[in-house]
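Structure assessment
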Amino acid sequence: LQSSIGVEAMIREDLTKVLGLEIDRAALYGTGTANQPLGLSGISGIASVELSEYGTFEEMVALETAIFSANADGNALKYLFNTATRGALKTTQKAPGTNGVMVLEGGEVNGYQTVTSNQVAAKDIFFGDWSQFVIGLWGGLDLMTDPYAGATSGNVRVIALQSVDFVVKQPTAFALGQDLA
């Protein structure tokens, strides 16, 4: 009732942030049903490596090997995992007796950059050439107001819609490590 431009900007920013987080989640784990695009974890052809809890150095090398064994081009290879995995890998030695040489050091695992996102499920690790993953957005962000749904209480509902889809140009350029226990 007494909105200002500042409140409107805050609501737009909040809706954009929530949509961005959902797009990120769907990019990794979208089901491909119920108006969701199919995420990377459901794409046929990406390699799968079983991890022991958060992963060992040997299992990280297995993720890399899976990609290179499939002759995937490695232009933009990076690891993607959540903050719990990041913390675990920073405290996991590469091998017994390596005197404090950890799996994750200096933001890298075995010479490859890492990216951290809490959109990644616990104990999952994605490794791949991210230049092979394309996100398509259509029509821009569509904001609509619905003054009728909450009319009896004086509320206005704001609806945000974004059309999006994902394409993996080369599925063999990705590997997913998961703790299946």
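Below you will find a few notes about this structure. Because the structure is predicted, anything quoted here is derived from the model rather than measured.

Each helix and strand in the protein was counted, giving 3 helices and 9 strands. Reading the protein from its N terminus to its C terminus gives the helix and strand order α-β-α-β-α-β-β-β-β-β-β-β. Taken against the 2.2 N^0.38 rule, which gives 16 Å for 181 residues, the C-alpha radius of gyration of the protein at 20 Å runs more than 25% over that of a compact globule. Summarising its shape, the C-alpha atoms of the protein cover approximately 70 × 35 × 30 Å along the three principal directions. Residue burial in the protein is summarised as follows: out of 181 residues, 31% are buried. Taking the contacts inside the protein whose residues are at least 6 apart along the sequence as the reference set, 71% of them involve residues at least 24 apart. Summed over its atoms, the accessible surface of the protein is roughly 10,400 Å², and 54% of this surface lies on carbon and sulfur atoms.

Summed over the entire model, instances satisfying the criterion amount to 4 salt bridges. Here arginine 25 makes a salt bridge to glutamate 22, at a shortest N to O gap of 2.6 Å. In this pair, arginine 25 and glutamate 22 both sit in helix H1 (residues 5-29), 3 residues apart, roughly one turn of the helix. For arginine 25, a relative accessible area of 24% puts it in the partly exposed group. Across the pair aspartate 179 and lysine 123 runs a salt bridge whose closest N-O atoms are separated by 3.8 Å. Taken together, the residues aspartate 179 in the segment after strand S9 (174-178) and lysine 123 in the loop between strand S5 (112-116) and strand S6 (124-129) connect sequence positions 56 residues apart.

Let us look at the side chain of threonine 85. Along the chain, threonine 85 falls in helix H3 (residues 83-90). Not counting residues up to four positions away in its chain, the partners in contact with threonine 85 are Tyr54, Lys123, Asp124 and Ile125.

For the α-helix, the turn length of 3.6 residues means that residues three or four positions removed from each other point alike. When the terminal C-alpha atoms of helix H2 (residues 57-69) are compared, their 18 Å separation across 13 residues agrees well with the 18 Å that a helix rising 1.5 Å per residue should span. Within H2 the residues assigned to the buried category are Phe57, Glu59, Met60, Leu63, Glu64 and Ile67. Within two residues after H2, asparagine 71 carries a phi angle of roughly 60°, on the positive side.

Definitions and limits used
- Residues numbered from 1 in each chain as written.
- Predicted model: local features only at pLDDT ≥ 70, side-chain atom pairs only at ≥ 80, totals over all residues.
- Heavy atoms only, no water.
- Helix = DSSP H or I, 4+ residues; strand = E, 2+ residues; numbered from the N terminus.
- Rg over C-alpha atoms; globule rule 2.2 N^0.38 Å.
- Buried < 20%, exposed > 50% of the residue type's maximum accessible area, 1.4 Å probe, protein only.
- Contact = heavy atoms within 4.5 Å.
- Areas by Shrake-Rupley, 256 points an atom, 1.4 Å probe, with all protein chains shown as cover.
- Salt bridge = Lys/Arg side-chain N within 4 Å of Asp/Glu carboxyl O.
- Expected span 1.5 Å × (residues − 1).

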